[in-house]
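Spelled out, the chains give:
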Amino acid sequence: MRPGGSHLTRVAAVDCGTNSIRLLIADVNRDELIDVHRELRIVRLGQGVDGSGRLAPEAIARTETALEDYADLVRHHGADAVRMVATSATRDAANRDEFVGMVTSVLGVAPEVISGEDEAALSFAGRCTACRTSPVGSLLLTLVAVPPNWSRARPTGSLRCKCTAWTSAASG
């Protein structure tokens, strides 16, 4: 039972990307998430992975420090379940097993190293949720222009893409 006597499930989600790591602790009430705590840290886990094919020791150490703090927050807020996903940099690293072991030791759960397709689907779902909760309404439009010889298997973490143009406009 949570504050107010409701029967909510408290969950924690960690998203570890190439550049940042995010924590969300929320109460689940049917189809609604009620934020308890949100945090983002820049850890640059993907530092040098394109050149070396490995996660750099200092990048793993930065991520471990953030995860130690996140684990404390998860315990403090009493999350009933924890899920962590790791994306492009972890997926591509030769030493990803070392990283997975560290995460399991610190957080108590193994990260799910998700595919590029799953990463895209989760990102899109998150954006759609943000659009539904916006008080002024939103329009989500993503255009990506890539060379014709690009395949879906190319590494596409956010730090690996080169943005040549960006625009943002209010809708309504």
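Further up the page is the structure itself.
Reference entry: report on the structure contained in this document. Please read these numbers as outputs of a predicted model, since none were measured by experiment. (Residues numbered from 1 in each chain as written. Predicted model: local features only at pLDDT ≥ 70, side-chain atom pairs only at ≥ 80, totals over all residues. Heavy atoms only, no water.)

**Details of unusual backbone geometry**
Where the residue is not glycine, phi is negative for most of them; where a peptide bond is considered, it is trans in most cases. Rules: A run of H or I in DSSP becomes a helix once it reaches four residues, and a run of E becomes a strand once it reaches two; helices and strands are each numbered from the N terminus.
Its identity as a non-glycine residue notwithstanding, R44 has a phi of 50 degrees, on the positive side. One can find R44 in the loop between β3 (32-42) and α1 (49-52).

**Brief notes about the pattern of salt bridges**
To keep it simple, the criterion reads: By convention in these notes, a salt bridge is any Lys or Arg side-chain nitrogen within 4 Å of a carboxyl oxygen on Asp or Glu. A 1.4 Å probe rolled over the protein chains alone gives each residue an accessible area, and that area as a share of the maximum for its type sets the label: buried under 20%, exposed over 50%, partly exposed in between.
Overall, the coordinates contain six salt bridges when judged by the stated rule. R38 is the salt-bridge partner of D35, the closest N and O atoms lying 2.4 Å from each other. Classification of D35 by relative accessible area gives partly exposed; the value is 41%. Between R83 and E112 there is a salt bridge, and its shortest N-O distance comes to 2.7 Å. With R83 in strand β4 (residues 81-86) and E112 in strand β5 (residues 112-113), this residue pair connects regions lying 29 residues apart in the sequence.

**What to know about the nonpolar core**
Across soluble globular proteins, nonpolar side chains have a tendency to be buried as a group. Operational definition: We define a nonpolar core as any set of buried Ala, Val, Leu, Ile, Met, Phe, Trp, Tyr and Cys residues linked to one another through side-chain atoms lying within 4.5 Å. Residues count as neighbours in contact if any of their non-hydrogen atoms are within 4.5 Å of one another.
Within the largest apolar cluster, 28 residues are counted, with the highest numbers of intra-cluster contacts made by L67 and F99. It is helix α2 (residues 57-77) that contributes the most residues to this core, eight residues altogether. Excluding residues within four positions of it along the chain, L67 makes contact with V14, I21, M84, M102, V103, V106 and L107.

**Some words on the environment of A120**
Secondary-structure assignment places A120 in helix α5 (residues 116-133). The class for A120 is partly exposed, based on a relative accessible area of 46%. Distance from A120 to T87, taken between C-alpha atoms, is 10.0 Å for residues 33 residues apart in sequence.

**Quick look at the packing of α2 against helix α4 (residues 96-107)**
Stated precisely, the cut-off is as follows: Here the axes come from fitting lines to C-alpha atoms, over the contacting stretch only for helices, and the angles between their N-to-C directions go from 0 to 180 degrees. Every angle not falling under 35 degrees, over 145, or within 65 to 115 is termed oblique; those three ranges are roughly parallel, roughly antiparallel and roughly perpendicular. By definition, turning the near helix anticlockwise from the far helix through less than a right angle yields a left-handed crossing, and turning it clockwise yields a right-handed one.
Taken N-terminus to C-terminus, the directions of α2 and α4 make an angle of 20 degrees; their axes are 9 Å apart at the nearest point. Classed by the angle they form, the pair α2 and α4 counts as roughly parallel. In this structure, α2 meets α4 at a crossing whose hand is right-handed. Between α2 and α4, the residues in contact are I60, T63, E64, L67, E68 and A71 and E98, F99, M102, V103, V106 and L107, respectively.

**Let's talk about the pairing of β4**
Put simply, the rule reads: In short, DSSP must find at least two bridges between two strands for them to pair.
Looking at chain direction, strand β1 (residues 9-16) and β4 are connected through six bridges and run parallel. Bridge pairing in β4 links A13 to R83. Here β4 runs beside β5; their pairing, made up of two bridges, is parallel. The residue bridging A86 from the neighbouring strand is V113, located in β5.

**Here we look at the sheet that holds β5**
As summarised here, the arrangement of the five strands in space is β3-β2-β1-β4-β5, forming an open sheet in which the pairing is mixed. Among the strands making up the open sheet, the edge pair consists of β3 and β5. The pairing of β1 with strand β2 (residues 20-29) spans eight bridges and is classified as antiparallel. Bridging across to β2, T9 finds its partner in V28. Packed onto the sheet, α2 meets β1, β2, β3 and β4 and runs at close to 15 degrees relative to β2.

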